[in-house]
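# Summary of the model geometry
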Amino acid sequence: MRKLGWGIGAAVVVLAGVYALTTTGGDAPRPVPGECASISGTADQPRYQVADCAAAQANVKVAKVVDQAGQCPTGGAPYSTYTGPVTLCLIPNLVEGSCYEQDGEAGVRKADCGSAEAVKVVKADRGGATCGTGRTLTYPEPSVTFCLARVGDLR
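What comes next is a walk through the structure. (Residues numbered from 1 in each chain as written. Predicted model: local features only at pLDDT ≥ 70, side-chain atom pairs only at ≥ 80, totals over all residues. Heavy atoms only, no water.)

For the structure shown, the criterion picks out four disulfides. Note on cysteine connectivity: Cys-36 is disulfide-linked to Cys-53, with sulfurs 2.0 Å apart. With the S-S bond torsion at 95°, the cross-link from Cys-36 to Cys-53 turns out right-handed. Here the residue Cys-36 occupies a position in strand S1 (residues 36–41), and Cys-53 occupies one in the loop between strand S2 (46–51) and strand S3 (60–66), the gap between them amounting to 17 residues. Taking the relative accessible area as the measure of exposure, Cys-53 reaches 27% and is therefore partly exposed. Each disulfide pairs two cysteine sulfurs, and for Cys-72 the partner residue is Cys-89, the sulfurs being separated by 1.9 Å. Because the sign of the S-S torsion sets the handedness, a value of about -95° for the bond joining Cys-72 and Cys-89 places this disulfide among the left-handed ones. Placement of the pair is Cys-72 in the loop between S3 and strand S4 (80–83) and Cys-89 in strand S5 (residues 87–92), with a sequence separation of 17 residues. Relative accessible area serves as the criterion here: at 9%, Cys-72 is assigned to the buried category. (Disulfide = S-S within 2.5 Å. Helix = DSSP H or I, 4+ residues; strand = E, 2+ residues; numbered from the N terminus. Buried < 20%, exposed > 50% of the residue type's maximum accessible area, 1.4 Å probe, protein only.)

Attention now moves to the packing of aromatic side chains. Applying the stated criterion to the full structure yields two aromatic pairs. Between Tyr-79 and Tyr-139, the aromatic rings sit 5.1 Å apart at their centres with planes inclined by 70°, giving edge-to-face as the arrangement. Taken together, the positions of Tyr-79 in the loop between S3 and S4 and Tyr-139 in strand S9 (residues 135–139) put the pair 60 residues apart, joining distant regions of the chain. Between Tyr-139 and Phe-146 the ring centres are 6.4 Å apart and the planes differ by 70°, which places this aromatic pair in the edge-to-face class. (Phe/Tyr/Trp six-rings, centres within 6.5 Å; stacked < 30°, edge-to-face > 60°.)

Let us look at the side chain of Ser-98. Looking at the secondary structure, you find Ser-98 in the loop between S5 and strand S6 (99–103). For Ser-98, a relative accessible area of 16% corresponds to the buried category. Setting aside residues up to four positions removed in sequence, Ser-98 forms contacts with Lys-110, Cys-113, Val-119, Lys-120 and Val-121. (Contact = heavy atoms within 4.5 Å.)

Moving on, we come to the environment of Thr-138. Take Thr-138: it is sitting in strand S9. In this structure, the C-alpha to C-alpha distance between Thr-138 and Gly-75, residues 63 residues apart in sequence, is 8.5 Å. With near-sequence residues (within four places) excluded, Thr-138 lies in contact with Gly-76, Ala-77, Val-144 and Thr-145. In terms of polar contacts, Thr-138 uses its side chain to reach the side chain of Thr-145, at 3.4 Å. (Polar contact = N/O pair within 3.5 Å; in protein donor to acceptor, adjacent residues only side chain to side chain.)

This is the structure we're talking about:
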């Protein structure tokens, strides 16, 4: 189960790298906390697009906008960062009850909960939820805890 959480964390870091390669900073509007994005493509040809947080392709969320990467919150799951004109602290855009799988283009994508390899967000709590035996991802800003379980383990 530990590998699962690290896999999601690693995917977020990869997604942040893709974001860094695709953002020009010039005339683009400044990102705001709570804004979601769809990141897909490859490291050589990434695609970044602001997306509605309810959209299936919205796989990251801006947690905080800071001046330097060292200012991202600590004390929970690692944030991925992008440093340009500002630094974005990003978290995965996970929805309670939804399932996710690793994806070569998107990092993490919504998946069919019928797949035994999928990971289900059993609980998403704005605070410090207790997750029991499942994997826990906790972020201090915004304060959110995701309780994850491999779908195959829920059967």
